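Residue strings, one per chain:
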Amino acid sequence: MKNNHLNQEHQKINYQIKLDYNNVCDLLFKKAAENPNKKFLICPGEKHEEFTYSEFEIIVSQTSQFLIKSGLKKNDKISLIFHNSSEFLILYFAGLCCGLTIVPINPVMSSREIKYIIEDSDSKTVFYSDTLESKISQIIDSLSNTNFKKTKSIKDLISLYDIGKKIECDQVSLNDMAVIIYTSGTTGNPKGVILSHLNLLSDAMGISKWFQFTKDSRCLCILPLFHNNGQITTLLAPLYAGASTVIIKGKISLYAFWFLVNEYQATWTSVMASILSILLSLPNERKDNSLTGILCGGQILTRSVQEQFEKRFNVPIFEGYGLTETTSFSCINNYPAENRKIGSIGKPLQINEMSILNENGQEVEESIEGEICIRGYNVAGGYLGDTKINHAFRNGWFHSGDYGTKDKDGNFYFHGRQDSLIIKGGENIYPAELENVLYNHPDVDECAVIGIPDELLGEDICAFVKIKDKSQLTKNDLEKFCKDKITAYKQPKKIIVINDLVDLNEIPKGPTKKILYRKLKEYYQNSL
Amino acid sequence: MVDSKTILDTRLEKILKEVFRAEKIDLNFSMDEIPEWDSFKHYELIIAIENEFKIKLEDADTIEITSIPIIKSKILKYLNEK
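Because the structure is predicted, anything quoted here is derived from the model rather than measured.

Chemist: Describe the overall build of chain B, and please don't skip the residues or the numbers.
Modeler: Helix and strand counts for chain B stand at four helices and zero strands. Helices (α) and strands (β) of chain B occur, in sequence order from the N terminus, as α-α-α-α. Relative to its length of 82 residues, chain B is compact, with a C-alpha radius of gyration of 12 Å against a globular reference of 12 Å. For chain B, buried positions account for 46% of its 82 residues. The contacts of chain B with a sequence gap of at least 6 include a subset with a gap of at least 24, amounting to 54%. Total accessible area on chain B is roughly 4500 Å²; 53% of this is exposed by carbon and sulfur atoms. Charged side chains of chain B number 13 positive and 18 negative; the gap between the two group centres comes to 5 Å.

In structure tokens, the structure reads:
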């Protein structure tokens, strides 16, 4: 394809790559035409479902027609609030087929957070799982311009309409907005990353080719589909090769992980490092001979966990690196396994370029630390709305805010983040998200939230809170106060009331009164 | 006289409260309605059920457990097989 699809400087690279598809649905339909009877999706669980490529194409086409008959038009946005399920997948592809933009929302978010995303994205319709009724009912009345559709099964939705079997998706172009994925924002509200069909297709192709996926590959998807990793690595990348995917709800996948791999003969999966630690802590042993490798990203993988895991389960782990802004992975350790550089996050995928830049935007020498920057086909056009946060996309690069180095062979190494972002089990959480909640309590004088080391999750959350004089507020009161106001995984593991400390009187701040998160971290590590 | 269904409910409720550290649990809830029910808790829950009812759940059953009513039906299935 020609570079004229790349309308942003930070998407341009010095060579062209060839994509064989015009949009995500074109990919699905062409694969269905090539292999109609091949298994595409398996959704194990209470309601076990399986779809061949042909069966999936038909139900996606029917659902697309339902969406159009419901009054939705090209470029409208729809929010999907589901755990991993066939309903999510069908609505996802059906929406993309008719040029809608999909806004996947994490179902464990609080009602307040879900409402924010629906409003910020201007979603016309919200499809949600019937099991989330009690949560969604709390916001329906306050969003009178949004249409809410409780969804138990897709067949119930489409049975209301007399619709044909096939839809054309030729009106959807590579540059059309495909999905908006919300990620943690520095100000406390999540920010929407806009990803086009080009972004999704190119990153899927990059991963598929890196691991040499074939029609016989089978990915086990245990990461959530409302995040980019699950969507790209274990859904669209195997689709790009005409392969198959086993989709399972993440919450139920770990106990049965090795059973699922064996039962469905999975060849690949993608995980967070915390999942590897959990699997190591369980007594369950590997039973299959099918698993070729595990892709791991989203948080730091320690050498000890990698070595123990590979020794016990005899399967190679490929560490990679990427962000929502780069659709999914930008670089992955070399394949096959004997070519890996252990401890590295690998080399750039074919579809993007990476560089280590200094504060002046100049490339630094080998082994000198700088900011990891990326440009290419998979780099997002920008964030929704706010021009300030779009500053990360500048001078022809996406500036990740992560720091690292590159060696003489072109392998990249991740060192850490410049800002105060907390990465808990692969979930990004900015301190302001919890701080904003705590500041809503009338007895809180000041507060600051930091990441603290956690063996399993990489990091967990600790809130330092200064209580107003004469207040009787306790840690337990604050825990209860936060409970319904913010998602469970963003709740603090520890709340430290500064008034109870003898060697810390207030939150450490710089001359401009900016909170010194690094000092607070040092205090935690040295004194608590 | 207390029937066996009530006894099962009571024992299960006790486990659920302990695992999810909750003061109250609605026995009709699905996992989506209990924010604390994540993959770690799912594992803890299975172990607690197996210990309390002296049963061993098959792997295939553990991926079907997505609500408290399903847990009850699984426990009953295993207890009846004993």
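The rest of the description comes next.
Chemist: Provide a residue-level description of the nonpolar core, including the pertinent values.
Modeler: Counting residues in hydrophobic clusters, the biggest one holds 92 residues, and the most contacted among them are Phe56, Tyr92, Phe93, Leu235 and Leu236 of chain A. Here this core takes nine residues from helix H3 (residues 86–97) of chain A, the largest share from any one element. Apart from the residues lying within four places of it in its own chain, the contact partners of phenylalanine 93 of chain A are Val24, Cys25, Leu28, Phe56, Val60, Leu235, Leu236 and Leu239 of chain A. Grouped together as the second largest cluster of nonpolar side chains are 58 residues, Leu291 and Leu301 of chain A together with Ile15 and Ile25 of chain B included.

Chemist: How would you sum up the pairing of strand S7 (residues 177–183) of chain A? Please name residues and give values.
Modeler: All names here are of chain A. S7 sits mainly inside the fold: six of its seven residues count as buried. Across six bridges, the pairing between S7 and strand S8 (residues 191–196) is antiparallel. Within the sheet, the bridge partner assigned to valine 179 lies in S8 and is leucine 195.

Chemist: Account for the confidence of the model for chain B, with residues named and values stated.
Modeler: The predicted structure's coordinates, where accompanied by low pLDDT, should not be read in detail. Of the residues in chain B, 96% have a pLDDT of 70 or more, and the chain-wide mean is 90. Prediction confidence for the complex, expressed as pTM and ipTM, is 0.89 and 0.91 respectively.

Chemist: Just give me the short version of the state of the cysteines, but keep the residues and values in it.
Modeler: Chemically, a disulfide is nothing more than a covalent bond linking the sulfur atoms of two cysteines. Residues and elements named next belong to chain A. Throughout the structure, instances matching the rule amount to one disulfide over all chains. For cysteine 25, the disulfide goes to cysteine 97, at an S-S distance of 2.5 Å. What sets the handedness of the cysteine 25 and cysteine 97 disulfide is the S-S torsion sign, and at about -110° it is left-handed. Of this pair, cysteine 25 sits in helix H1 (residues 24–34) while cysteine 97 sits in helix H3; the two residues are 72 residues apart in sequence, bridging distant segments of the chain.

Chemist: Could you give me a rundown of the packing of aromatic side chains, with the residues and numbers involved?
Modeler: Residues and elements named next belong to chain A. Scanning the entire structure with this criterion turns up 28 aromatic pairs over all chains. Judged by centre distance (5.4 Å) and plane angle (70°), the ring pair of phenylalanine 211 and phenylalanine 318 falls under edge-to-face. One end of the pair, phenylalanine 211, is in the loop between helix H7 (197–210) and strand S9 (218–221); the other, phenylalanine 318, is in strand S13 (residues 317–322), with 107 residues separating them in the sequence. Residues phenylalanine 211 and phenylalanine 318 agree in their burial class; the two are buried. Three or more aromatic residues link up through ring pairs in this structure, and these residues are Phe40, Phe51, Tyr53, Phe56, Phe88, Tyr92 and Phe93. The residue whose ring lies beneath lysine 485 is phenylalanine 481, and the NZ or CZ to ring-centre distance is 4.0 Å.

Chemist: Kindly report on the sheet that holds strand S26 (residues 494–497) of chain A, identifying the contributing residues and their values.
Modeler: All names here are of chain A. What the three strands build is an open sheet, ordered S24-S25-S26; its pairing is mixed. The open sheet has two edge strands with one neighbour each: strand S24 (444–454) and S26. The sheet shows a mean angle of 25° between the axes of neighbouring strands, direction not considered. Both strand S25 (residues 458–467) and S26 contribute to a ladder of four bridges, which runs parallel. Each bridged residue has a counterpart across the sheet, and for cysteine 462 the counterpart in S26 is lysine 494. Sitting on the sheet, helix H13 (residues 475–483) is in contact with S24, S25 and S26, with an inclination near 135° to S26. The strands that helix H14 (residues 517–527) touches are S24, S25 and S26; relative to S24, the one it contacts most, it runs at about 65°.

Chemist: For the environment of valine 246 of chain A, give the residues involved together with the corresponding values.
Modeler: All names here are of chain A. Following the sequence through the fold, valine 246 ends up in strand S10 (residues 244–247). With a relative accessible area of 0%, valine 246 lands in the buried category. When the C-alpha positions of valine 246 and asparagine 84 are compared, they lie 10 Å apart, and in sequence the two are 162 residues distant. Sequence-distant contacts of valine 246, that is, excluding residues within four places in its chain, are made with Ile42, Pro44, Arg218, Cys219, Leu220, Cys221 and Tyr264.

Chemist: Give a description of the interface of chain A and chain B that names residues and reports values.
Modeler: With 26 residues of chain A in contact, the opposing surface of chain B contributes 25 residues. Three residues stand out in chain A for area buried against chain B, namely Lys251, Ile252 and Tyr255 of chain A, and they jointly supply 37% of the buried area on that side. At the junction of chain A and chain B, the tally comes to three salt bridges. Here aspartate 32 of chain B makes a salt bridge to lysine 249 of chain A, at a shortest N to O gap of 3.3 Å. For the pair chain A and chain B, the interface holds eight residue pairs in polar contact (both at pLDDT 80 or more).

Chemist: An account of unusual backbone geometry is requested, with residue identities and associated values reported.
Modeler: Here the residue pair tyrosine 335 of chain A and proline 336 of chain A is connected by a cis peptide bond, since its omega of 0° sits within 30 degrees of zero. Counting through the fold element by element, proline 336 of chain A comes out in the loop between strand S14 (329–332) and strand S15 (347–348). Within the chain, threonine 327 of chain A stands out as a residue other than glycine whose phi angle is a positive 70°. Counting through the fold element by element, threonine 327 of chain A comes out in the loop between S13 and S14. By relative accessible area, which is 0% here, threonine 327 of chain A ends up buried. Look at arginine 21 of chain B: it is not a glycine, yet its phi comes out positive at around 45°. Here arginine 21 of chain B is to be found in the loop between helix H1 (4–20) and helix H2 (39–53).

Chemist: Help me get a handle on the packing of helix H4 (residues 111–121) of chain A against helix H5 (residues 133–140) of chain A, residues and values and all.
Modeler: All names here are of chain A. Where H4 meets H5, the axes come as close as 9 Å, and the angle between the chain directions of the two elements is 55°. The orientation of H4 relative to H5 falls into the category oblique. Between H4 and H5 lies a crossing whose hand is right-handed. Where H4 abuts H5, its residues Ser111, Ile114, Lys115 and Ile118 lie against Lys135, Ile136, Gln138 and Ile139. Considered class by class, the residues forming the contact of H4 with H5 number four nonpolar, two polar and two charged.

Basis of the calculations
Residues numbered from 1 in each chain as written. Chains lettered and ligands numbered in written order. Predicted model: local features only at pLDDT ≥ 70, side-chain atom pairs only at ≥ 80, totals over all residues. Heavy atoms only, no water. Helix = DSSP H or I, 4+ residues; strand = E, 2+ residues; numbered from the N terminus. Rg over C-alpha atoms; globule rule 2.2 N^0.38 Å. Buried < 20%, exposed > 50% of the residue type's maximum accessible area, 1.4 Å probe, protein only. Contact = heavy atoms within 4.5 Å. Areas by Shrake-Rupley, 256 points an atom, 1.4 Å probe, with all protein chains shown as cover. Lys, Arg positive; Asp, Glu negative; His and termini not counted. Charge placed at Lys NZ, Arg CZ, Asp CG, Glu CD. Core = buried A, V, L, I, M, F, W, Y, C linked by side-chain atoms within 4.5 Å. Pairing = 2+ DSSP bridges. pLDDT = per-residue confidence, 0-100. Disulfide = S-S within 2.5 Å. Phe/Tyr/Trp six-rings, centres within 6.5 Å; stacked < 30°, edge-to-face > 60°. Lys NZ or Arg CZ within 6 Å of the ring centre and 35° of its normal. Axes fitted to C-alpha atoms, helices over the stretch in contact; angles between N-to-C directions. Buried area = accessible area lost by both parts, 1.4 Å probe. Salt bridge = Lys/Arg side-chain N within 4 Å of Asp/Glu carboxyl O. Polar contact = N/O pair within 3.5 Å; in protein donor to acceptor, adjacent residues only side chain to side chain. Parallel < 35°, antiparallel > 145°, perpendicular 65-115°, else oblique. Left-handed = near helix turned anticlockwise from the far one by under 90°. Nonpolar A, V, L, I, M, F, W, Y, C, P; charged D, E, K, R; others polar.

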